[in-house]
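Listed below, chain by chain, are the residues.
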Amino acid sequence: MGNEQPGRPGTSTDEDRVDWGRALGGDGEAFGRVFDRHRHRVLRHAQRLLPVEADAADAVAVVFLEAWRLRARVRLVDGSVLPWLLVTATNTARNQGRATRRYRAALDRLPPPEPSPDHADRETDGEAVRALRTLAPRDQEVLTLVVLEGYAEREVAEALGIPPGTVKSRLSRARARLAARVARSSDAEPHDHHHEHQHQHQHQPARRTRPNGARP
Amino acid sequence: MTHHDQPRADDRGAPAGAVDERTLALRSLLVTTVEQTARRRRWRSASVGGALLCVLAGATVGGAITAAATPDADATAARAGARAAVQGTTMPYTPIVGDPEAVLGSGDDEVSVGAPPPGAEHLAWSLRCLSDAGATRVGFAASEAGGSSVPSCDPGRTVTGTIAVGALPSRTVVVRTTPGARWTLSTGWLGAPPLPGPSAAQQEAVRDGVVTRSEYLAAFHRFQGCMTARGESLGIVPESSLFVVFGVSDLSAGDWCGASEFDDVSSTWQSEHPAPPGDDGTWGDQRYDPSTDPRSAD
């Protein structure tokens, strides 16, 4: 886990390119380094879309397992695999039940996620993020990559495999829909609802159960 | 876009010792999954090597024949072998878009490859050393990314690589090697491999996200049938082990039939039966016992 150390400016995409190539050749440690580099960002994004901590932790595992299963289709954008991972996280969050079913056995073998230090400290539960969860996946994808992750429209176009003009128009509509949802939410909710909402999430029980000797 | 990949301040402070147990276990699972896939595909990989050797041998023979009839032997051989050299960087069935080119050079140099033609998805290069050279690298102008290198380059040795068009740092290939060392650089554009999508039967098998033992074996039987129909019978393959193990002599047929009938089902089955940490590579060889696998045994 040496990549927990700070990244060196200007080298991360190089490292992704090299490690991804090595992983495709069967180098498991290289894939591990890709995981080390991007797991925080994928988790942060999963937390935006999945308020229950155990669901977000499962989503991270599914995203990286899917990255390997679908490795032939993974797009590197300017040498980085992160945009593809974030898009996959969005899709995983949307189809959480189906996505995790495929990897249920693997997920059940993992230790349960550690409790989040304080759910209220997470950056993910502002009004805009809660509104983001209610948008269609296409809107979530483009808003996440452009607004939250800071990618250029050209890069998002590469990641999603669509023309840059489509990104622009999709982004414009997604922004409008997000603003409308936030405005509607502000009008409808009492001022202290936010804290109440967070408190409820904090006490969601973890839903993972251990199999009883089902695995060899 | 480099800055996007840098850890934010809250990521950077996490020392190695603070990594939680689940993260370590997940990382171990991912590493094992990749390594197991590589082991399972070893036979196919061997076939790749064989295929590449054949292609490269063809390039050498073709170049030698042409060279004997011309005064500028190396240049003519390079041009004659460019297509074979480019094909040798990839799978035999991957189409080459446009006409590959080859240039002769020595020491450090830069070669423009121009704009990718319509339909091109990757740029391929193959540098062949013609005289003794030390550390040799083929990369791109304005970036250290996307290149490949060898610590030393004897005459006849090649340095090859491919890069996605969307990931090209520039349109200039840069060679860095020992001053005076002579080489041939072949470059060409590759199109999308003509592999089929998953068949309706394979899609149906993975549709609910769970692959049962009967679905796994049925998919393998369809794969066997596809191979036989292409004249590449797999022979008798034991089916009692957790993961079916087989060899493929024709890589193109194997990839074609795998994409159509088996790859997605096989990946899902393997994901449902992950190897434990520390597996020595024999996990998939164990006899399948349905009594320990009630969820997938149907």
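Placed above this text is the structure.
Once a new chain begins, its residue numbering starts again from 1 and follows that chain's sequence as written. All chains are assigned letters beginning at A, and all ligands numbers beginning at 1, according to the order in which they are written. Predicted model: local features are reported for residues with pLDDT of at least 70 only, side-chain atom pairs are reported and counted for 80 or more only, and whole-chain, interface and lining totals are derived from all residues.

Structurally, the position occupied by B:A164 is in strand β6 (residues 158-164). Through-space distance from the C-alpha of B:A164 to that of B:H122 is 4.2 Å; in sequence the pair is 42 residues apart. Note on contacts: residues are paired as contacts if their backbone-placed C-beta atoms lie within 7 Å. The residues contacting B:A164, other than those within four sequence positions of it, are A:L76, B:E121 and B:H122. In this description a helix means any DSSP run of H or I spanning at least four residues, a strand means any run of E spanning at least two, and both kinds are numbered starting from the N terminus.

Residue and element names in this part refer to chain B. In this fold, T160 is placed in strand β6. Given 19 C-beta atoms within a 10 Å radius, T160 is considered partly exposed. As a C-alpha pair, T160 and V150 span ten residues in sequence and 9.9 Å in three-dimensional space. Those residues in contact with T160 that lie beyond four places of it in its chain are T89, W125, S126 and S148. Counts of 20 or more other C-beta atoms within 10 Å of a residue's own C-beta define buried residues, counts of 12 or fewer define exposed ones, and intermediate counts define partly exposed ones; C-beta atoms are placed from the backbone.

To continue, consider the packing of helix α6 (residues 213-229) of chain B against helix α7 (residues 251-272) of chain B. Residue and element names in this part refer to chain B. To obtain an axis, a line is fitted to C-alpha atoms, over the contacting stretch when the element is a helix, and the angle between two such axes runs from 0 to 180 degrees between their N-to-C directions. Viewed as axis vectors pointing N to C, α6 and α7 meet at an angle of 175 degrees, and their least axial separation amounts to 9 Å. Considering their axes alone, α6 and α7 lie roughly antiparallel with respect to each other. Across the interface between the two elements, E215, Y216, A219, F220, R222, F223, C226 and M227 from α6 touch A253, C257, G258, S260, E261, F262, V265 and W269 from α7. Residues belonging to the contact of α6 with α7 are distributed by class as follows: eleven nonpolar, two polar and three charged. An angle below 35 degrees is read as roughly parallel, one above 145 as roughly antiparallel, one from 65 to 115 as roughly perpendicular, and any other as oblique. All amino acids are sorted into three groups, where Ala, Val, Leu, Ile, Met, Phe, Trp, Tyr, Cys and Pro are nonpolar, Asp, Glu, Lys and Arg are charged, and the leftover types, Gly among them, are polar.

For the rest of this paragraph, the subject is the sheet that holds β6(B). Residue and element names in this part refer to chain B. One open sheet accounts for four strands, arranged β1-β8-β3-β6; its pairing is antiparallel. Edge positions in the sheet fall to β1 (96-106) and β6, since each of these pairs with one other strand and no more. In this sheet, neighbouring strand axes are inclined to one another by 15 degrees on average, regardless of whether the strands run parallel or antiparallel. A pair of strands is considered paired only if DSSP assigns at least 2 bridges between the two. In the sheet, strand β3 (residues 122-129) pairs with β6 via seven bridges, with the strands oriented antiparallel.

The next point concerns α6(B). All names here are of chain B. In this analysis, the expected span of each helix is defined as 1.5 Å times one less than the number of residues it contains. Its 17 residues place the ends of α6 24 Å apart at the C-alpha level, agreeing with the 24 Å of an ideal helix rising 1.5 Å per residue. Residues of α6 that are buried make contact with α5 (200-206) and α7. A positive backbone phi angle near 80 degrees is found at G231, which sits one or two residues after α6.

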